[in-house]
There are 2 protein chains.
Amino acid sequence: MRVLAFLDGTLADPDAAHIRVDDLGLLRGDGIFETILVVGGKPREFGPHLDRLARSAAKMDLPEPDRAAWERAAGLVLENWDGGDEIALKLVCTRGVEGDPEAGPTGFALGLEIDQKVIKARAEGVAAITLDRGIDPALAERAPWLLLGAKSLSYGINMAAIREAGRRGASDVVFTASDGSVLEGPTSTVVVAKDRTLYTPPANIGILPGTTQAGLFRGAEKAGWSVKVESLRVPDLLDADGVFLASSVRKVTRVHTLDGTALPDSSKVHAELAAAYEAEYA
Amino acid sequence: MRVLAFLDGTLADPDAAHIRVDDLGLLRGDGIFETILVVGGKPREFGPHLDRLARSAAKMDLPEPDRAAWERAAGLVLENWDGGDEIALKLVCTRGVEGDPEAGPTGFALGLEIDQKVIKARAEGVAAITLDRGIDPALAERAPWLLLGAKSLSYGINMAAIREAGRRGASDVVFTASDGSVLEGPTSTVVVAKDRTLYTPPANIGILPGTTQAGLFRGAEKAGWSVKVESLRVPDLLDADGVFLASSVRKVTRVHTLDGTALPDSSKVHAELAAAYEAEYA
């Protein structure tokens with residue numbers, strides 16, 4: 001099951017071609033996106049996702065997203081969804097067709113079923129590896145043209161990192177900066193649990209502020225946890241009560257193995273945090 | 001005038017939609033490309049472009065390009081071209097549709113007219129700025145998952161850098177590494193002329209080996225120049241007899257202003273090098 005709606009409010013066949021070959025999203029990875037989890041017809045963190053889409057647009061000199069149009073397109077997908085209880089709802093906006101700026105951005109909302117690998121990762125956790133992202137933590141503020149912290153369609157590196165994980169017998173990645181700081185996963189936010197405190201790195205080191213991480217932190221605080229946004233290093237992961245990759249579709253996924261080393265069993269901490277996260281949407 | 005041919009040997013309407021919204025080239029910037037200059041029906045450096053496409057494919061774990069199929073698609077564009085004497089011929093290959101690996105890569109050749117801005121830049125030169133690329137020169141070899149040196153569709157940063165140049169009153173960029181080494185332009189190779197020697201940085205510092213730079217070096221050698229591949233720093237640009245950005249479509253474009261400072265007039269050196277480059281294809 002997949003449902004496709006364009007930003008102009010029209011439904012379309014997701015199995016047909018709709019994009020020109022000279023769309024800059026295709027030719028240059030020049031655009032932005034969000035992926036939103038919908039459960040039982042309700043999008044999670046919809047406002048924060050739209051806020052982040054707007055921040056990505058600003059970082060990339062794209063027009064400010066038309067919030068009402070995105071809400072309408074997302075609503076159309078939800079109304080026409082006839083699949084499972086959960087939807088991975090992608091919002092995609094490109095700079096439009098090359099050489100035709102008046103045509104404006106290409107925008108669509110696409111509802112997809114949750115991948116079976118994701119369902120498995122949620123339940124069983126994942127093995128991850130650390131990979132050098134080659135940047136220093138001050139770079140994002142010094143060099144905004146590198147688009148660190150924008151959720152751009154240019155995800156080639158993110159995908160290559162996940163393939164590298166596969167070659168090393170893992171399925172996910174924790175990027176590290178050149179000074180050893182923990183950054184983020186290619187498609188997730190890193191969260192560490194230690195002594196009933198949750199930690200995640202600050203976004204200004206060149207990472208995306210996590211919508212799921214934010215929801216988890218809210219839920220965990222209500223459940224009596226402390227939460228802190230501060231710099232982490234790889235030894236902090238090895239020493240933690242639990243290491244998690246938070247993303248909309250994977251929710252709060254446990255990392256059970258890091259760089260080939262089994263981490264202490266975090267199943268109980270995970271169950272408690274997963275419940276605190278779910279309680280935010282009950 | 002634009003002509004579109006797919007890798008299966010079919011011509012198609014370039015103004016129609018041919019790409020699905022779930023093509024990974026669009027959703028993830030996950031694919032590779034080349035842009036080839038065609039003059040008077042003859043593609044320049046066609047073999048080296050196909051070689052580089054194959055290297056990019058290998059770096060990104062894409063199937064090895066079918067050389068005969070690319071030659072056929074390019075040939076179809078050329079046969080059906082009815083526009084100007086020059087063509088910007090793009091070869092684009094994506095990983096294909098998400099979740100359907102059996103469908104295989106999406107591949108097409110697209111012939112476009114040369115942009116008027118490019119014609120102007122060839123004649124008048126460009127103002128460029130230096131921008132920190134945030135990487136160290138050893139990173140490419142240490143971290144192949146960062147895809148440095150692959151011509152990937154994830155060109156978001158390259159496009160953002162050119163927009164940053166525009167904000168600073170320039171139209172092009174010379175990226176620098178964290179140690180001050182000169183890297184490349186967002187869509188070009190840096191070439192420096194000094195005392196009848198041409199210099200360009202080595203590709204192993206994380207840049208694309210330039211097809212136009214290679215043609216220029218061959219031509220310049222025949223015209224009595226020495227050529228050297230070695231590390232450059234920004235002061236080497238300021239101190240040069242000429243600084244050039246080499247790319248297929250812009251050929252050998254002169255940089256007349258760097259970071260707001262007018263460089264010594266390199267018109268004569270440029271004319272000589274442009275002639276040496278053209279002689280390669282006479």
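Residues numbered from 1 in each chain as written. Chains lettered and ligands numbered in written order. Predicted model: local features only at pLDDT ≥ 70, side-chain atom pairs only at ≥ 80, totals over all residues. Heavy atoms only, no water.

Looking at an unreviewed UniProt entry, one finds chain A named Aminodeoxychorismate lyase and attributed to Amycolatopsis minnesotensis.

**Details of the pattern of salt bridges**
All names here are of chain B. One pass over the structure, following the stated rule, counts 48 salt bridges over all chains. Note that glutamate 164 and arginine 167 form a salt bridge whose closest N and O atoms lie 3.2 Å from each other. With a gap of 3 residues between them, glutamate 164 and arginine 167 both fall in helix H6 (residues 156-167), about one helical turn apart. We classify glutamate 164 as buried; its relative accessible area is 11%. (Salt bridge = Lys/Arg side-chain N within 4 Å of Asp/Glu carboxyl O. Helix = DSSP H or I, 4+ residues; strand = E, 2+ residues; numbered from the N terminus. Buried < 20%, exposed > 50% of the residue type's maximum accessible area, 1.4 Å probe, protein only.)

**Notes on the sheet that holds strand E2 (residues 11-12) of chain B**
All names here are of chain B. One open sheet holds the 6 strands; their spatial order is E2-E1-E6-E5-E3-E4, and the pairing between them is antiparallel. On the outer flanks of this sheet lie E2 and strand E4 (42-43), each paired with one strand and no other. Summarising the sheet, strand E5 (residues 86-94) and strand E6 (residues 106-112) pair through 7 bridges and their orientation is antiparallel. From the neighbouring strand, valine 92 faces E6, where its bridge partner is phenylalanine 108. Strand contacts of helix H2 (residues 46-59): strand E3 (31-39), E4 and E5, with the helix running at about 175° to E3, the strand carrying the most contacts. (Pairing = 2+ DSSP bridges. Contact = heavy atoms within 4.5 Å. Axes fitted to C-alpha atoms, helices over the stretch in contact; angles between N-to-C directions.)

**Digging into the sheet that holds strand E4 (residues 42-43) of chain A**
Residues and elements named next belong to chain A. Spatially, the 6 strands line up as an open sheet ordered E2-E1-E6-E5-E3-E4, and their pairing is antiparallel. Since the sheet does not close on itself, it has two edges, and those belong to strand E2 (11-12) and E4, each with one partner. The sheet contact formed by strand E1 (residues 2-6) and E2 spans 2 bridges and is antiparallel. Residue pairing across strands places leucine 4 opposite alanine 12, the latter belonging to E2.

**Focus on the environment of Val191(B)**
Residues and elements named next belong to chain B. With respect to the element layout, valine 191 can be found in strand E9 (residues 189-194). Taking the relative accessible area as the measure of exposure, valine 191 reaches 0% and is therefore buried. Separated by 22 residues in sequence, valine 191 and glutamine 213 have C-alpha atoms that sit 7.3 Å apart. With near-sequence residues (within four places) excluded, valine 191 lies in contact with Leu198, Tyr199, Thr200, Gln213, Leu216, Phe217, Gly242, Val243, Phe244 and Ala246.

**Examining the interface of chain A and chain B**
The partner chain B presents 55 residues to the 54 residues of chain A that form the contact. Where chain A packs against chain B, one counts 10 salt bridges. Here Arg142(B) and Asp132(A) are joined by a salt bridge, their closest N and O atoms 3.0 Å apart. Across the contact surface, chain A and chain B share 27 residue pairs in polar contact (both at pLDDT 80 or more). Looking at the side of chain A that touches chain B, the elements that each hand over two or more residues are E1, helix H1 (24-28), strand E5 (86-94), strand E6 (106-112), strand E7 (126-132), helix H5 (139-142) and helix H6 (156-167) of chain A. Its residues assigned to classes, the side of chain A that touches chain B comprises 29 nonpolar, 7 polar and 18 charged. (Polar contact = N/O pair within 3.5 Å; in protein donor to acceptor, adjacent residues only side chain to side chain. Nonpolar A, V, L, I, M, F, W, Y, C, P; charged D, E, K, R; others polar.)

**Side note on the nonpolar core**
Ranked by size, the top nonpolar core spans 68 residues in total, and within it Phe108(A), Leu198(A), Leu273(A), Phe108(B), Leu198(B) and Leu273(B) carry the most contacts. Leu273(A) has contacts with Ala193(A), Leu198(A), Leu216(A), Ala220(A), Trp225(A) and Phe244(A), leaving out every residue within four places of it along the chain. In this structure, Ile129(A), Leu139(A), Leu183(A) and Phe175(B) belong to the second largest nonpolar core, which totals 39 residues. (Core = buried A, V, L, I, M, F, W, Y, C linked by side-chain atoms within 4.5 Å.)

**Points about the side chain of Glu45(A)**
Residue and element names in this part refer to chain A. Positionally, glutamate 45 belongs in the loop between E4 and helix H2 (46-59). The class of glutamate 45 is buried, set by a relative accessible area of 11%. Among the polar contacts made by the side chain of glutamate 45, one reaches the side chain of tyrosine 281 at a distance of 2.3 Å. In this structure, glutamate 45 is in contact with Thr211, Gly215, Arg218 and Tyr281, ignoring residues within four places of it in sequence.

**Some thoughts on helix H4 (residues 116-124) of chain A**
Spacing of three or four residues puts side chains on the same side of an α-helix, whose turn is 3.6 residues. Residues and elements named next belong to chain A. Listed in full, the buried residues belonging to H4 are Val118, Ala121 and Arg122. The arc that holds every buried residue of H4, seen down its axis, measures 100°, which confines them to one face. Residues of H4 that are exposed and point more than 90 degrees away from the buried face comprise Gln116, Lys117, Lys120 and Ala123. In this structure, the buried residues of H4 make contact with strand E3 (31-39), E5, E7, strand E13 (251-258) and helix H9 (267-279). (Arc of directions from axis to C-beta.)

**Quick look at the relation of the copies chain A and chain B**
The transformation that overlays chain A on chain B combines an axial shift of 0.0 Å with a rotation of 180°, and the residual RMSD is 0.0 Å. Classification of the inter-copy transformation places it as that of a two-fold axis. Here 100% of the contact residues of chain A are again contact residues in chain B; the copies associate through an equivalent surface. (Least-squares fit on C-alpha atoms with pLDDT ≥ 70 in both.)

**Quick word on unusual backbone geometry**
Positive phi, normally seen in glycine, also occurs at Glu45(A), with a value near 55°. Phi is positive for Arg196(B), which is not a glycine, with a value near 55°. Structurally, the position occupied by Arg196(B) is in the loop between E9 and strand E10 (197-200).

**Let's talk about empty space enclosed by the protein**
What the rule picks out here adds up to 4 cavities of 30 Å³ or more. Empty space within the largest cavity amounts to approximately 120 Å³. Along the walls of the largest cavity sit Arg133(A), Ile135(A), Leu139(A), Leu146(A), Leu148(A), Ile157(A), Arg133(B), Ile135(B), Leu139(B), Leu146(B), Leu148(B) and Ile157(B), which together make up its complete lining. Broken down by class, the residue content of the lining of the largest cavity amounts to 10 nonpolar, no polar and 2 charged. Computed from the structure, the second largest cavity encloses a volume of approximately 50 Å³. Around the second largest cavity sit Leu37(B), Arg44(B), Glu45(B), His49(B), Thr211(B), Thr212(B), Ser248(B), Tyr277(B) and Tyr281(B), which together line it. A breakdown of the residues in the lining of the second largest cavity according to their chemical character gives 3 nonpolar, 4 polar and 2 charged. (1 Å grid on protein atoms, 1.4 Å probe; cavity = no way out; pocket = protein on both sides within 12 Å on 5 of 7 lines; lining within 4 Å. Points joined across faces, edges and corners; volume = space filled by probe spheres on them.)

**Side note on the domain arrangement of chain A**
Residues and elements named next belong to chain A. On domain assignment, one finds that chain A holds domain 1 (2-114) and domain 2 (119-279). Just the C-alpha atoms count here: the centres of domain 1 and domain 2 sit 25 Å apart. Contacts between the two partners involve 26 residues from domain 1, matched on the other side by 22 residues from domain 2. Buried surface at the junction of domain 1 and domain 2, both sides included, amounts to about 1800 Å², of which 59% is carbon and sulfur. For the pair domain 1 and domain 2, the number of links is 4 salt bridges. Between arginine 218 and glutamate 45 there is a salt bridge, with its nearest N and O atoms 2.8 Å apart. (Domains from an automatic or database assignment. Buried area = accessible area lost by both parts, 1.4 Å probe.)

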